[in-house]
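Each chain, letter by letter, is given below.
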Amino acid sequence: MIHARRLALVVLSILLLTQTFVAQRSRTQTANNRGARASAIVPAPAEVLGFTPGDDRKLASWSQTINYFRRLDAASNRVRFEELGRTTMDVPFVMATISAPENLSRLDEYKNIQRQLADPRTLGRTNDERDRRAEELIRRGKTIVLITCGIHSTEVGSHHSSFLIAHRLASSDDPEVQRILRDTIVLLVPSLNPDGVDIVKSWYDRTLNTPYEGTTPPVLYHKYVGHDNNRDWYAFTQKETQITVDKIHNVWHPQIVHDIHQQGTHNARLFLPPYMPPVEPNVPKEIIEGYTELGRAMATAMRAKNFKGITTDSSYDAWTPARAYSHYHGGVRILSETASARLATPITVRFEDLRPDEGYDPRKVSTNFPELWRGGEWHMRDITNYMTTAAFELMNHAAANRERWLRRFYGIGKEAVRERKDGELFAFIIPPDAQERALSEAEARKRRALLNILGRGGVELERAQRFAFNGKTYPKETIIVPMAQPYGNLAKALLEPQRYPNLRDNTGNPVTPYDVTAHTLPLLIDVNVEPAFKPFRYEKLTDGWGYGGGHGVFDPRYVIYKSHIPSMDEGWTRWVIESSHYFQRTPAPTLEDAEARAGNLRAKYDTILLPDHSPRAILNGYPKGAMPDEYTGGLGAEGVQAFREFVEAGGTLVCLNRASRFAIEALKLPVRDVTEGLKRTEFYVPGSILRTELDTSHPIAAGMPRESIAWAEDSPVFEISDPTQAARVRVIARYPANADPLLSGWLLGGERLKGKAALVEVTMGKGRVVLFGFRPQYRGQSMATYPLLFNAIALQNVNQ
């Protein structure tokens, strides 16, 4: 009996030990297979969209995008999905934060680490104390990687790659992904332009299986600014830019920003940094080192995986802050540019048809283009493969070099906040008055606009009591912009004049800048800003300011010409008019080709405004067969005749920049463009700020200072072509005869401008044609010349 009891106890013990072992093994297997089980419930994009992103001829809508990311959020503890605001057309602007679950539970802690490393003054009074505390934060911190997709909505692979990147991060348990999740926090924006996602999809679906499949929409893919939405990263005019800066950049201070783009069909298959010269001089050297190291590492890793046709150090420069907010906020911008198809429609590219670009030839092996792509079919899947592979190589580097990225980030901040020595730029001074008189309402509004731009960019602005410096007394409310602050380099880049280097290729021609060459806000906005190159003392006041516009001064019967070949300047014109509240009639009305060709325009309008556009696009539009018939033909001869009759009947035709060349030719005006036919070695102005002199007795220049500016970019310069018709022409603005016209940027052949006209009025019948040789509303920035535009539009009202 006792033996039987002992036997039973032994059996029971064995059973208990077995159960314990099985339970422990089960828990271990559960831990090991957690990701595999998670992958089974994390939806693949095809389960939600009905196709896999990258499939030919398939595009997702914005509502499908939101639905998919919401499903990821619900299924995976690695994803947090949130709406950050509303877009220009009132749809959700969203972001997914992706990291290991234990990191997602401590996001506020990591934001705080970033905030302190960005501003070392928060870590102590001495460098030793700051360095010691920074090392503690670096050991705990994560590399913050911001991945932005789809800002240019026709670059459809970018938006669709966001699904693939998110799904792999949310579902995979391979070691590469696990390290990324552990050591980085990924902020993924599926599209920086959600409105454009549906604009492009709607057009693509409409033209699918027609001769027009793969064409771009006949409207801007952002309501106002089209492609220029990626030129707004210091002016912050658009809602999407503001949300990204306010809710992402200024909250998270990312060390790396990966901006995923597409380029043309016949160039390299992929561009990665480093960028070609020049680099804007206020970009810290650590940023240059960072994007060079990371871009080359990505390219090397992808070539090792047999990705062909990758170029670096070509095509794209790092000059303008309009495309690189992070470069002035401690983070590198890794621009990637993958070759395009025809939206989601595949193409075939012959090797011999590949085209050279700045710095390389895709048909020749070179140092920065070591492996050729031999041509062939190019599908949406090729685009997403290049994009997603590049993104994961970037995240791999960010994870593997976590402490290095954080230490570099801290070093940038440490240099930014150091005390300035005598002889270095100490501060900028922005007085509240104009040469001992109070600012007018318009001047005060422009000053507030400048301060708001700086403030949104994180620049510290200090209001001062009355103080004296350099033999001059400054009144109370003077704004001081000290350089010893985290984002002093942004202030310096925006407040000082630019001197773009005179870069030439091996034929002597100027090397074309990727964008423009000037961004001096005091000149563009017309605000007095003074640099101080030695320290001075001042007593601070508390901060605070706000921006407001005017309200409905005039209600002219105006209309803006809108070509079916979309013009960003047309969109900017609408945005400037609507946001300024200068006119009562908003939204700004537009005139399309069919209405113009129908004639009888004077019965409806007093002023027609032609934004900057090529004369050929205005006159001819799309050729027959290139687009559906209703979008072809341009103004044509009928539209030109209708414009002539409109002006002769007393209307005002206002032409901006290149549109002035159209009017001169089409209406046979007695002026000519003195730059016509000149080689670029003889005259070249690729986006610069020039000096002008105004005839303030003319109603268009009424109330303006005699000296002003012109934003010149492929701009005409006027002189009278027929002396017998000189009485019909009145010069309103001209370039100075005895001074250098260049204020900021790059100008070749400036002597050809001296004494020539930049803005003229030409009478014609009972009406007039106003020819601007510049863009007075340039990208919503040139407030200095807004009055010229507004007065020209309202000229009928002013003269009545």
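Values in this document were obtained by computation on a predicted structure and should not be read as measured data.

A. Representation of the packing of helix H15 (residues 441-456) against helix H16 (residues 488-495) within the structure. One way to put it is that H15 packs onto H16 with a least axis distance of 10 Å and a crossing angle of 145°. Considering how the two elements wind past one another, H15 and H16 form a crossing that is right-handed. Where H15 approaches H16, its residues Leu450, Ile453 and Leu454 are matched on the opposing element by Ala491, Leu494 and Leu495.

B. A look at the packing of aromatic side chains. Taken as a whole, this structure holds 31 aromatic pairs when the rule is applied. Aromatic side chains Phe236 and Tyr325 sit 5.9 Å apart centroid to centroid with 75° between the ring planes, which places their arrangement in the edge-to-face category. One end of the pair, Phe236, is in the loop between helix H10 (194-207) and helix H11 (239-252); the other, Tyr325, is in the loop between strand E9 (317-318) and strand E10 (332-339), with 89 residues separating them in the sequence. Here Phe236 and Tyr325 have matching classes, each one buried. Their ring planes at 20° and their centres at 4.7 Å tell us that Tyr582 and Phe790 sit as a pair that is stacked. Of this pair, Tyr582 sits in the loop between helix H18 (568-580) and strand E23 (590-591) while Phe790 sits in helix H23 (residues 786-793), placing them 208 residues apart in sequence. Using a relative accessible area of 7% as the deciding quantity, one classes Phe790 as buried. Put simply, the rings of Phe426, Phe467, Phe469, Tyr474, Phe536 and Tyr538 touch in pairs and so form one group of aromatic residues. Arg269 extends its terminal NZ or CZ atom over the ring of Trp373, reaching a point 4.0 Å from the ring centre. One Lys or Arg, Arg374, reaches over the ring of Phe351 and ends 5.1 Å from the middle of that ring.

C. Quick peek at the confidence of the model for the protein chain. On average, residues of the protein chain score 93 in pLDDT, and 92% of them are at 70 or above. For the protein chain, the element scoring lowest by mean pLDDT is helix H1 (residues 2-32), at 40; strand E4 (residues 184-189) scores highest, at 99. Note that residues 1-38 has pLDDT below 50 and, in this model, six contacts with residues that lie over four places away or in other chains. Every residue in residues 544-552 scores below 50 in pLDDT, and together they form 24 contacts with partners more than four places removed in sequence or on other chains.

D. The sheet that holds strand E2 (residues 92-98), seen in detail. As summarised here, the arrangement of the eight strands in space is E1-E2-E4-E3-E5-E10-E6-E8, forming an open sheet in which the pairing is mixed. Edge positions in the sheet fall to strand E1 (79-86) and strand E8 (310-312), since each of these pairs with one other strand and no more. On average, each strand axis in the sheet is inclined to that of its neighbour by 20°, with strand direction left out of account. In this structure, E1 lies alongside E2, joined through seven bridges in antiparallel fashion.

E. Local environment of the pairing of strand E28 (residues 707-713). The element E28 is extensively covered by neighbouring structure, given that five of its seven residues are classed as buried. Note that strand E27 (residues 686-694) and E28 share seven bridges and pair antiparallel. When the sheet's bridge partners are listed, Glu693 is paired in E28 with Glu707.

F. Fine view of unusual backbone geometry. The omega torsion across Pro273 and Pro274 is 15°, close enough to zero to call that bond cis. By the secondary structure assignment, Pro274 is in the loop between strand E6 (270-272) and strand E7 (276-279). With an omega of 0°, the peptide bond running from Pro277 to Pro278 counts as cis. Summarising the element assignment, Pro278 is placed in strand E7. Even without being a glycine, Asp90 presents a positive backbone phi close to 65°. With respect to the secondary-structure elements, Asp90 resides in the loop between E1 and E2. Residue Asp90 is classed as partly exposed on the basis of its relative accessible area of 48%. Phi at Arg779 takes a positive value of approximately 45°, unusual for a residue other than glycine. Summarising the element assignment, Arg779 is placed in the loop between strand E33 (767-772) and H23.

G. Spatial organisation of helix H7 (residues 127-140). Compared with an ideal rise of 1.5 Å per residue, which puts 14 residues at 20 Å, H7 spans 20 Å between its outermost C-alpha atoms and is within 8% of the ideal. Listing the buried residues of H7 in full gives Arg130, Ala134, Leu137 and Ile138. Seen from one end, H7 has its buried residues packed into an arc of 100°, which puts them on one side. Exposed side of H7, more than 90 degrees from the buried face: Asp128, Arg132 and Arg139 are the residues found there.

H. Up close: the packing of helix H4 (residues 62-75) against helix H8 (residues 156-171). Here H4 crosses H8 at 10°, and the two axes come no closer than 11 Å. Considering their axes alone, H4 and H8 lie roughly parallel with respect to each other. Between H4, through Trp62, Thr65, Tyr68, Phe69 and Leu72, and H8, the contact on the second element is made entirely by His159, Ser162, Phe163, Ala166, His167 and Ala170. Looking at the contact of H4 with H8, its residues break down into seven nonpolar, four polar and no charged.

I. Expanded view of the sheet that holds strand E19 (residues 478-482). Pairing is antiparallel in the open sheet, where five strands are placed in the order E20-E13-E19-E16-E21. Single-partner strands in this sheet number two, and they are strand E20 (530-532) and strand E21 (540-541). Sheet topology note: the strand E16 (residues 462-464)/E19 ladder contains three bridges and is antiparallel. Opposite Ala464, over in E19, you have Thr478 as the bridge partner. Contacts from H15 reach strand E13 (427-430) and E19 within the one sheet, and its direction differs from that of E13 by about 150°.

J. View of the pattern of salt bridges. Within this structure, the stated rule accounts for 55 salt bridges. Between Arg57 and Glu213 there is a salt bridge, with its nearest N and O atoms 2.7 Å apart. Highlighted residues: Arg57 in the loop between helix H3 (45-49) and H4 and Glu213 in the loop between H10 and H11, separated in sequence by 156 residues. Its relative accessible area of 10% is what places Glu213 among the buried residues. In this structure, Glu83 engages Arg86 in a salt bridge whose closest nitrogen and oxygen atoms are separated by 3.3 Å. Take Glu83: its relative accessible area is 41%, and that puts it in the partly exposed class. One salt-bridge network, in which partners are shared between bridges, spans Glu135, Arg402, Glu403 and Arg407.

K. Spatial organisation of the environment of Pro589. Note that Pro589 resides in the loop between H18 and E23. In this structure Pro589 comes out as partly exposed when scored by relative accessible area, which is 22%. Once you skip the residues sitting within four places of it in the chain, Pro589 turns out to touch Tyr558, Val559 and Ile560.

Rules behind the numbers
- Residues numbered from 1 in each chain as written.
- Predicted model: local features only at pLDDT ≥ 70, side-chain atom pairs only at ≥ 80, totals over all residues.
- Heavy atoms only, no water.
- Axes fitted to C-alpha atoms, helices over the stretch in contact; angles between N-to-C directions.
- Helix = DSSP H or I, 4+ residues; strand = E, 2+ residues; numbered from the N terminus.
- Left-handed = near helix turned anticlockwise from the far one by under 90°.
- Contact = heavy atoms within 4.5 Å.
- Phe/Tyr/Trp six-rings, centres within 6.5 Å; stacked < 30°, edge-to-face > 60°.
- Buried < 20%, exposed > 50% of the residue type's maximum accessible area, 1.4 Å probe, protein only.
- Lys NZ or Arg CZ within 6 Å of the ring centre and 35° of its normal.
- pLDDT = per-residue confidence, 0-100.
- Pairing = 2+ DSSP bridges.
- Expected span 1.5 Å × (residues − 1).
- Arc of directions from axis to C-beta.
- Parallel < 35°, antiparallel > 145°, perpendicular 65-115°, else oblique.
- Nonpolar A, V, L, I, M, F, W, Y, C, P; charged D, E, K, R; others polar.
- Salt bridge = Lys/Arg side-chain N within 4 Å of Asp/Glu carboxyl O.

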